[in-house]
Amino acid sequence: MHYKELAILFVILIFFITLSLMVGEISLNIIDIKNAFIGKGEFIKKNILWNLRLPRTLLALLVGGNLAIAGSILQSYFHNPLAEPHIIGISAGSALGATIYFIFSGGTWEIDPLITPWISILGAFIVLFILILWNRKSLYNSSLILLGVSLNALLSSLISFLLFKNQKIFQGVYFWILGGFNGKGWQHLKILFTYSLISLPWAYLWRKRFNLLNLTEEEAYSLGLSIRKYQKYFLILISLLIAPSVSVSGIIGFIGLIAPHIMRLWKTSDFQWLIPSSFLFGGILLLLSDILARTVLYPAEIPIGIITSFLGVPFFIFLLRKEE
Amino acid sequence: MKRVLKSLMVILIIILSFSFTKINYPLVIYDDLGRVINIQREPKRIVSLAPSSTEILFALNLNDKIVGVTDFCDYPKEAQNKEKVGGFSNPNIEKIVSLNPDLVILYKSFPKEIFNQLTQLLPNTNFVVLDPKNFEDVLNNILLLGKITNKEKQAQYIYSNIVRRLKTVERKLIPFRGKINVLFLLWNDPFISCSPSTFVGDLLKKLKVKNIVEKDTPEYPVLSVEYIIQKNPDIIIIGEMSGISIESIIKKPEFSSISAVKNKKIFYINDDLVFRPGPRLIEGLETLYKIIYESK
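Fair warning: this is a prediction, and the values are worked out from it, not measured in the lab.

Caption draft 1: Broad picture of the overall build of chain B. A count of helices and strands for chain B gives twelve helices and 14 strands. Along the three orthogonal principal directions, the C-alpha set of chain B runs to about 80 × 55 × 35 Å. Residue pairs in contact within chain B that sit at least 24 positions apart in sequence constitute 61% of those at least 6 positions apart. Split by element, the accessible area of chain B, about 14500 Å² in all, is 55% carbon and sulfur. Looking at charge distribution, chain B has the averaged site of its 41 positive side-chain charges lying 9 Å from that of its 32 negative ones.

Written out as structure tokens, the structure reads:
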């Protein structure tokens, strides 16, 4: 096991967590942060740290980690390096759920921001249900990815159609889908954290089992191992990783694609390494993106998806070239 | 005796003027959503989260009380020197909190999530939510903000000035019967217009013209070329910000049968005058009047 590398990632993560707590309109130093944690110091500093920066930081870390793990599993599941969390339609299901909720509440003001995540998770699980039904009937994983891509396209068109008919909610849905952590607080973190209590330990406990996915179906078969037995559970786990993340932060691209790949290129495709390292690195990448999103064009906030692709893609291409 | 009377008069006038100018805080008001708001004292640090409320506040001479505006607040010029808190759909919460406002003005289109967080972070700040739907609502917004900020007199002055100008336009409209078809264009690829439920739509109604868009929703419908040709607008008005050139409309062969094109009745208007629910809406109305009835 690569304990040294994991330790390095952990230290980097702690560094970015601290940085994320420090930067902003009122910059806080280490002493301010310590004071705020033990309940001393100025009210405004405590207020900003406790109610804004801390939940936001933890949320970015968890979302990044969850999406990266989901991506790492999906890439092996489909034997497709391009697979990423949003490819199988789960996220589009989330977005459709949110859109329908926005429409039923009548406008962006009437929505309850804390009900939105639950309805969007519901949307995601409906898509999951379709995927599982399909999976039972078909023999090949490749057909599942095709179904996912078509579902994605269909649901996205459905969202566009609904928005076209209901312009009042356009802006709200648009910003929801674009994603980010502005305006997100403890309640959002609580939702994601509850799901993560199930999904993260589950992913970690099964880390050896995922290595089955690195084999082709024929190889696995000739070794007398069956992937099919687990396939349904893999899908459920992946959805548990993706849906709550999307429901609290919108559709943030590239993290789930890039983070596990970079970890693969760095060390190995062994999931014993990939699961913990993807989590840490996904968290690091998304934290860094969020810090940039709120500082680059200060005081305006850039949608975080723009940052993740700007940050991740060049680095990714560089690594791919090096690998060749 | 005369001197006593005289001094009594002076005292009386002073007391009277005092009671007229001074609003007694605390004050209980309702905002456009019917939320009950207790204003404890005269607001000293105001943050405005939309260009139109910024315009109202400046019109009320509150320049020295405004501490924060959005990136889009560009009118009047002084607004550009104020602290910026980001865009109105994605503002920076920390920035707003650190400005420590005692009054925040926003509209119903503001993201609810961020509103919830702001009210939680600023428990002692008054939040006033506006939701004007037509010209009259805007006038009431001006009065409301005047009352809250102890500028009632100034608000009354702006109000009666706008009403007087509105009446002037309405008087000039008496002889007209309302047979003019108007197309307002926001965009040309595809053609996007405004429904009667928007502020532009409301101004067109007031001017007794027929908006070729008849349905209230969607607010900003996409119109097909065929629809436009069939409705045959007499006048086409283009929002300046769209960047549509009049030439491009005239040169479009499929539009050659439209009377606005035949008579070259295509005009620009400054979008901010007709879209921002603020004190300049009356200027928008007057400009539209000139375009529609006085242009040759």
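Having seen it, we continue.
Caption draft 2: Highlighting a nonpolar patch on the surface. A cluster of nonpolar side chains, namely Phe37, Ile38, Trp50 and Trp186 of chain A, defines an oily patch on the protein surface of about 380 Å² accessible area. Tracing the sequence through the fold places tryptophan 186 of chain A in helix 8 (residues 186-205).

Caption draft 3: Representation of unusual backbone geometry in the model. Residues and elements named next belong to chain B. Between aspartate 189 and the following residue, proline 190, the backbone shows a cis peptide bond with an omega angle of 5°. Take proline 190: it is sitting in the loop between strand 9 (187-188) and strand 10 (191-192). The residue after threonine 217, namely proline 218, is reached through a cis peptide bond having omega -5°. Structurally, the position occupied by proline 218 is in the loop between strand 11 (210-211) and strand 12 (222-223). Here asparagine 100, not a glycine, exhibits a phi torsion of approximately 50°, which is positive. You can call asparagine 100 partly exposed: its relative accessible area is 48%. For lysine 264, which is not a glycine, the phi torsion comes out positive at approximately 55°. Mapping lysine 264 onto the fold places it in the loop between helix 10 (259-262) and strand 14 (266-269). Since its relative accessible area comes to 57%, lysine 264 is described here as exposed.

Caption draft 4: The arrangement of the pattern of salt bridges in detail. Residue and element names in this part refer to chain B. Considering all chains together, one arrives at 26 salt bridges over all chains under this definition. Across the salt bridge formed by arginine 280 and glutamate 55, the nearest N and O atoms sit 2.7 Å from each other. Remark: glutamate 55 occurs in helix 2 (residues 51-59) and arginine 280 occurs in the loop between helix 11 (271-275) and helix 12 (281-294); sequence separation between them is 225 residues. On the accessibility criterion, glutamate 55 (3% relative accessible area) is buried. As a salt-bridge pair, aspartate 74 and arginine 276 come within 2.8 Å of each other at their nearest N and O atoms. Of the two residues, aspartate 74 is situated in the loop between strand 4 (66-69) and strand 5 (83-84) and arginine 276 in the loop between helix 11 and helix 12; the sequence distance between them amounts to 202 residues. A residue is classified by how much of its surface remains accessible, and arginine 276, at 11% relative accessible area, is buried. Residues participating in the shared-partner salt-bridge network are Glu55, Asp74, Asp272, Arg276 and Arg280.

Caption draft 5: Representation of helix 2 (residues 30-37) of chain A in the model. Residue and element names in this part refer to chain A. All buried positions along helix 2 are accounted for by Asp32, Ile33, Asn35 and Ala36. For helix 2, the angular spread of buried residues about the axis comes to 160°, placing them on one side. Those residues of helix 2 that are exposed and aimed more than 90 degrees away from the buried face are Ile30, Ile31 and Lys34. Taking the backbone nitrogen of isoleucine 31 as reference, a side-chain oxygen 3.1 Å away marks asparagine 29 as the first, capping residue of helix 2. Immediately downstream of helix 2, the backbone of glycine 39 shows phi near 85°, a positive value.

What counts, and at which threshold
Residues numbered from 1 in each chain as written. Chains lettered and ligands numbered in written order. Predicted model: local features only at pLDDT ≥ 70, side-chain atom pairs only at ≥ 80, totals over all residues. Heavy atoms only, no water. Helix = DSSP H or I, 4+ residues; strand = E, 2+ residues; numbered from the N terminus. Contact = heavy atoms within 4.5 Å. Areas by Shrake-Rupley, 256 points an atom, 1.4 Å probe, with all protein chains shown as cover. Lys, Arg positive; Asp, Glu negative; His and termini not counted. Charge placed at Lys NZ, Arg CZ, Asp CG, Glu CD. Patch = residues over 30% accessible without salt bridge, like charges linked within 9 Å, V, L, I, M, F, W, Y side chains within 5 Å. Salt bridge = Lys/Arg side-chain N within 4 Å of Asp/Glu carboxyl O. Buried < 20%, exposed > 50% of the residue type's maximum accessible area, 1.4 Å probe, protein only. Arc of directions from axis to C-beta. Polar contact = N/O pair within 3.5 Å; in protein donor to acceptor, adjacent residues only side chain to side chain.

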